[in-house]
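Structural description and commentary
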Amino acid sequence: MATSNTYEIANVSDLKDGEKKEVDVPGTEQKVLLCRIDDKFFATSPKCTHYGAPLANGVLTKEGRITCPWHGACFKLDTGDIEDAPAIDPIIAFKTQTKGDKVVIEATEEDLKAGRRKPSCAVKKTKTDDSVVIVGGGASATTTAEALREYGFAGKITVLSAEDYYPIDRTKLSKALIADASKIALRDEAFYKELDIDFRKSSEVKSIDKKEKKVVLSSGESVSYGKLVLAVGGTAKRLPMDGFDLDNVYVLRNLTHAQQIVSARDANDGQKKKIVIVGSSFIGMEAAFATAKDHDVTVIGMESTPLKNVLGEQIGQTIQKSAEKQGVKFYLDAGVEKAIASEKDPKKAGKVLLKDGTELECDLVILGVGIAPATKFLDGQLTLEKDGGLQTDEYLQVKGEQDIFAVGDIAHFPYTGPGAEGKPIRIEHWDVAQNHGRAVAKTLSGTKKPFQNVPYFWSAQGAQLRYCGNNSPTVGWDDLVIQGSLDEGKFAGFYTKGDQVVAVVSMGYDPVVSKAAELMRRSAMPGKKDLQGGQDIRQLAF
């Protein structure tokens, strides 16, 4: 067992109430985050376990929550436990006390170096006849499975994933085109074995049988369930026009897709390629930025500016200018007619034809035209919405179904964020999918609470773009308040409906989005008039 040492890390007078800072641990090369709340001190790992952001730059609350400035992961200071996604591992909370005028911690060298730990699971073995079957292998599926053990579920847990690898950080597929599973793995076989979770790869579900309470695999095998969690995510859409089924036309949703794109991009010793991207929303634009440095990239969009439908014209134009500086060319307000086979290789597309007659030469084509819920196998057993999603209640339980839950990209759930008034909404965010999983795990472990969460996402758009809340047509917005400078790429944008802020976006303006998410959670977000008057929410104290 590792030896715990005592370290004097600060003077009591170094921090005022409500302050935080990163401090050195004497005699080591390590640091800790030190916070003071109501004259009590807390010391934890200094960096977020998600992507390593310095928590000293994050958002501290009087309740003892620290939120990452980059992507909104939130931790409890007294335990280090996760309060909010996208982190999957807690930080380490060190025993902290004052001795005279000194702040003292107890810590092992191993914990100081590690900066993270695996979740503290109340149960690690199957002990009851209860059973949960989770269909899917992505963010919501893996979070549901491990959170069940964390919250004390002692029954059998089976995860049925159609993919042939253990869960990965899917966000890095489009943001960085990382095609090596080992570099983006979230969990491995040993992790699931330790928690007695039966994680089955390459296990595609063909149908479900509600009456018999079982799922049927493509192999013909049946798996019985007590409770069923549907976490199947989405399928990348393809275009129905001629030519978009040719060999060098790719979608980008899973690891295989990323590997195909990287292989085509790097063929012929990495020779410069002509890459045509159809779609000017997040996936298409992320792919454009990820490939623009060494290749000739063209983006085709139906909007007048990229990302206009989500971010509006002003911010869309800012991102377009940033992409154009990197050499990306745009054809906007454009429709696609078809892809034309190459004369050299008729199995591949050589050109993309637009409706106005423009022909764009291509070595490969990437389609970023959205996803559809991967729910066709449920048709006839469950009632699907027009888009293929499933309607749920506030507990993410499928409407009309006692034992079936839907999480992640497929769930139409009552949104309680600002401006929504509980209207059903389907959100395709990694963060939301993970938080869905944690919520359902709590319910199935005996702690039933309505799902309430402020959505948070991020995107690689030349620089890191962060966003919280929701300004989709379901919620709506009628004005945009800009603080900072769009031209300099350092700004915050506040989407408002009347005087209420419904969503916030930023670049180079941390931690404004993390602060906004916390203010929205508390229903304490300043209104439009305050923001127009120059109110900087980063300076607000809780």
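Residues numbered from 1 in each chain as written. Predicted model: local features only at pLDDT ≥ 70, side-chain atom pairs only at ≥ 80, totals over all residues. Heavy atoms only, no water.

**What about the packing of aromatic side chains?**
According to the stated counting rule, one finds nine aromatic pairs in the structure shown. One aromatic cluster is present, formed by Y166, F191, Y192 and F199 through successive ring pairs. The side chain of K448 reaches across the aromatic face of Y395, ending 4.5 Å from its centre. Between R538 and the ring centre of Y509, over which it is positioned, the NZ or CZ distance is 3.9 Å. (Phe/Tyr/Trp six-rings, centres within 6.5 Å; stacked < 30°, edge-to-face > 60°. Lys NZ or Arg CZ within 6 Å of the ring centre and 35° of its normal.)

**With respect to the sheet that holds strand 10 (residues 102-108)**
The antiparallel open sheet is built from six strands, whose spatial order is 1-10-9-4-3-2. Two strands lie at the open edges of the sheet, namely strand 1 (4-11) and strand 2 (20-24), each paired on one side alone. Strand-to-strand twist across the sheet, computed as the mean angle between neighbouring axes with direction ignored, equals 30 degrees. One ladder, built from five bridges, connects strand 2 with strand 3 (residues 31-37); its direction is antiparallel. Its bridge partner lying in strand 3, D24 is registered against K31. (Pairing = 2+ DSSP bridges. Helix = DSSP H or I, 4+ residues; strand = E, 2+ residues; numbered from the N terminus. Axes fitted to C-alpha atoms, helices over the stretch in contact; angles between N-to-C directions.)

**Looking at the sheet that holds strand 13 (residues 197-200)**
Read across the open sheet, the five strands follow the order 13-12-11-17-29; overall the sheet is parallel. Looking along the sheet, the strands with just one partner apiece sit at the ends: strand 13 and strand 29 (404-406). Strand-to-strand twist of the sheet, defined as the mean angle between neighbouring strand axes without regard to direction, takes the value 15 degrees. Where helix 2 (residues 139-150) meets the sheet, it contacts strand 11 (131-135), strand 12 (156-160), strand 13 and strand 17 (227-230), and its direction lies at approximately 160 degrees from that of strand 11. (Contact = heavy atoms within 4.5 Å.)

**Considerations on the nonpolar core**
Counting residues in each nonpolar core, the largest one holds 75 residues, and the members touching the most others are I134, L311, I315, I319 and Y495. If we skip the residues at most four places from it in the chain, I134 touches A141, T144, A145, L148, I157, T158, V159, L160, V229 and A231. Listed in part, the 21 residues of the second largest apolar core include L217, L228, I410 and A411. (Core = buried A, V, L, I, M, F, W, Y, C linked by side-chain atoms within 4.5 Å. Buried < 20%, exposed > 50% of the residue type's maximum accessible area, 1.4 Å probe, protein only.)

**Quick look at the environment of D409**
Looking at the element boundaries, D409 is found in the loop between strand 29 and strand 30 (411-414). Beyond its immediate chain neighbours, meaning those up to four positions away, D409 contacts G233, G234, R253, I371, P373, R426, I427, E428 and H429. Reaching out from D409, the side chain makes a polar contact with the side chain of R253 at a distance of 2.7 Å. (Polar contact = N/O pair within 3.5 Å; in protein donor to acceptor, adjacent residues only side chain to side chain.)

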